[in-house]
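Reading the structure
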Amino acid sequence: MLTDYHLHLRPDDVGEADAYFTEENVDRYLAAASEHGIGEIGVSEHVYRFREALEVWRHPFWESQARDDLGEYCAFVRTTPLRLGLEMDFVPGREDAIANLLDPHDFDYVVGSIHFLGDDGALDDSRYDVWEGSDGADALWGRYFQWLAELVRSGLYDVLAHPDLIKIWGEGRPAPERDPRHYYEPVVEAIAEAEIAVEVSTAGLRKPVGELYPSRAFAEMCVDAGAAFSLSSDAHAPDQVGYGYERALEFMRELGIERVAVFEQRERRLEPLG
Ligand SMILES: [Zn+2]
Ligand SMILES: [Zn+2]
């Protein structure tokens, strides 16, 4: 079994729902999946594109993006063969608001992400760069991975998305002086005690860092902790579905990962990978 669960039906920032949440567009994603031998795909739109997200957080970027209706999105996806997911940003202290947003909908899975370290800025968007005025790589890495551990422990999520997104800029931002494994440690401890799948994401291959999320060292620690893994491209267009999967499969096999997480109605099972 191959999956691609972390998908977006439109590019970031642009696109009216009416233009992209269509049968024709979904067919393009399904065709791309079948070309890559991917048996099951699902869509996980960014929560901040829905008005309901403003009940969780009111960052100016979210306010500029929150136009669509979450219920309409769910109803549309249920008319297609896609699994129904959501990419739900974790906002520390807003766990109850997140649960209230998720509760009314029958998602197959919820993908947990951290794109913003609160009002300090974004990890992956230079318009709100968290590195500007930051107190250095070690402090930022420490905080990012502590927040990820909180995300995992919240129990609100099925999948931990792009687990080391902070490396996205590669050489373009400072690297921590400490061994990165020091920063992975609290997340891995949380993963060991939780029911969350760690996402192997090929999105990093398309970004300045040019490597998979998570790093090999992080993935090895997750394997040792007994974690389950999911597999996704984080595609924002049909031609990115299954992107870089040869690399991801080789990576997973080298690490001894033989099964992949499959979700339905927020129940997880593990299927043989490949
Ligand atoms: Zn993301
Ligand atoms: Zn995404």
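All of the points below concern the structure found in this document.

Calculation notes
- Residues numbered from 1 in each chain as written.
- Chains lettered and ligands numbered in written order.
- Predicted model: local features only at pLDDT ≥ 70, side-chain atom pairs only at ≥ 80, totals over all residues.
- Heavy atoms only, no water.
- Donors = N, O, S within 2.8 Å, 3.2 Å for Na, K, Ca; no water.
- Tetrahedral: all angles 85-135°; square planar, octahedral: opposite > 155°, others 65-115°.
- Helix = DSSP H or I, 4+ residues; strand = E, 2+ residues; numbered from the N terminus.
- Axes fitted to C-alpha atoms, helices over the stretch in contact; angles between N-to-C directions.
- Parallel < 35°, antiparallel > 145°, perpendicular 65-115°, else oblique.
- Contact = heavy atoms within 4.5 Å.
- Buried < 20%, exposed > 50% of the residue type's maximum accessible area, 1.4 Å probe, protein only.
- Expected span 1.5 Å × (residues − 1).
- Arc of directions from axis to C-beta.
- Salt bridge = Lys/Arg side-chain N within 4 Å of Asp/Glu carboxyl O.

Details of the coordination of the zinc ion (ligand 2)
Protein-derived ligands of the zinc ion (ligand 2) are His6 (NE2), His8 (NE2), Glu87 (OE) and Asp234 (OD), with the metal-ligand distances lying across 2.0 to 2.3 Å. Around the zinc ion (ligand 2), the 4 donor atoms sit at angles spanning 83 to 166 degrees, and that spread fits a shape best called irregular. Read N to C, the donor residues that coordinate the zinc ion (ligand 2) are spaced as H-x1-H-x78-E-x146-D. Between the zinc ion (ligand 2) and the zinc ion (ligand 1), the interatomic distance is 3.5 Å, and Glu87 donates to each metal, bridging them. Within this pair, whereas Glu87 is found in strand S3 (residues 83-89), its partner Asp234 is found in the loop between strand S7 (228-232) and helix H9 (245-254), the two being separated by 147 residues in sequence.

Some details on the coordination of the zinc ion (ligand 1)
For the zinc ion (ligand 1), the full set of protein donor atoms is Glu87 (OE), His115 (NE2) and His162 (NE2), at a range of 2.1 to 2.2 Å. When the donor residues of the zinc ion (ligand 1) are listed from N- to C-terminus, their spacing reads E-x27-H-x46-H.

A short note on the packing of helix H6 (residues 137-154) against helix H7 (residues 180-192)
In the contact formed by H6 and H7, the axes pass within 8 Å of each other and the chain directions differ by 10 degrees. The orientation of H6 relative to H7 falls into the category roughly parallel. In this structure, H6 contributes Asp138, Trp141, Gly142, Phe145, Gln146, Leu148, Ala149, Val152 and Arg153 to the contact, and H7 contributes Pro180, Tyr183, Tyr184, Pro186, Val187, Glu189, Ala190 and Ile191.

Topic: unusual backbone geometry
For residues besides glycine, phi is generally negative; the peptide bonds are generally trans as well. Residue Tyr213 is joined to Pro214 through a cis peptide bond whose omega torsion reads -5 degrees. Within the element layout of this structure, Pro214 appears in the loop between strand S6 (197-201) and helix H8 (216-224). One non-glycine residue, Gln265, adopts positive backbone phi at about 50 degrees. Within the element layout of this structure, Gln265 appears in the loop between strand S8 (259-264) and strand S9 (267-272). One non-glycine residue, Arg266, lies in positive phi territory at about 65 degrees. Take Arg266: its relative accessible area is 33%, and that puts it in the partly exposed class.

As for helix H2 (residues 23-35)
Taking 1.5 Å per residue as the helical rise, H2 with its 13 residues ought to reach 18 Å, and the 18 Å between its terminal C-alpha atoms agrees with that figure. Looking only at H2, the buried set comprises Asn25, Val26, Tyr29, Ala32 and Ala33. Along the long axis of H2, the arc covered by the buried residues comes to 120 degrees, so they all point the same way. Within H2, the exposed residues directed more than 90 degrees away from the buried face are Glu23, Glu24, Ser34 and Glu35.

Here's the deal with the pattern of salt bridges
Within this structure, the stated rule accounts for 20 salt bridges. The closest approach of N and O atoms between Arg127 and Asp13, which form a salt bridge, is 3.2 Å. With Arg127 in the loop between strand S4 (109-113) and H6 and Asp13 in the loop between strand S1 (3-4) and helix H1 (17-20), the pair connects residues that are 114 residues apart, well separated along the chain. Given the relative accessible area of 30%, Asp13 is considered partly exposed.

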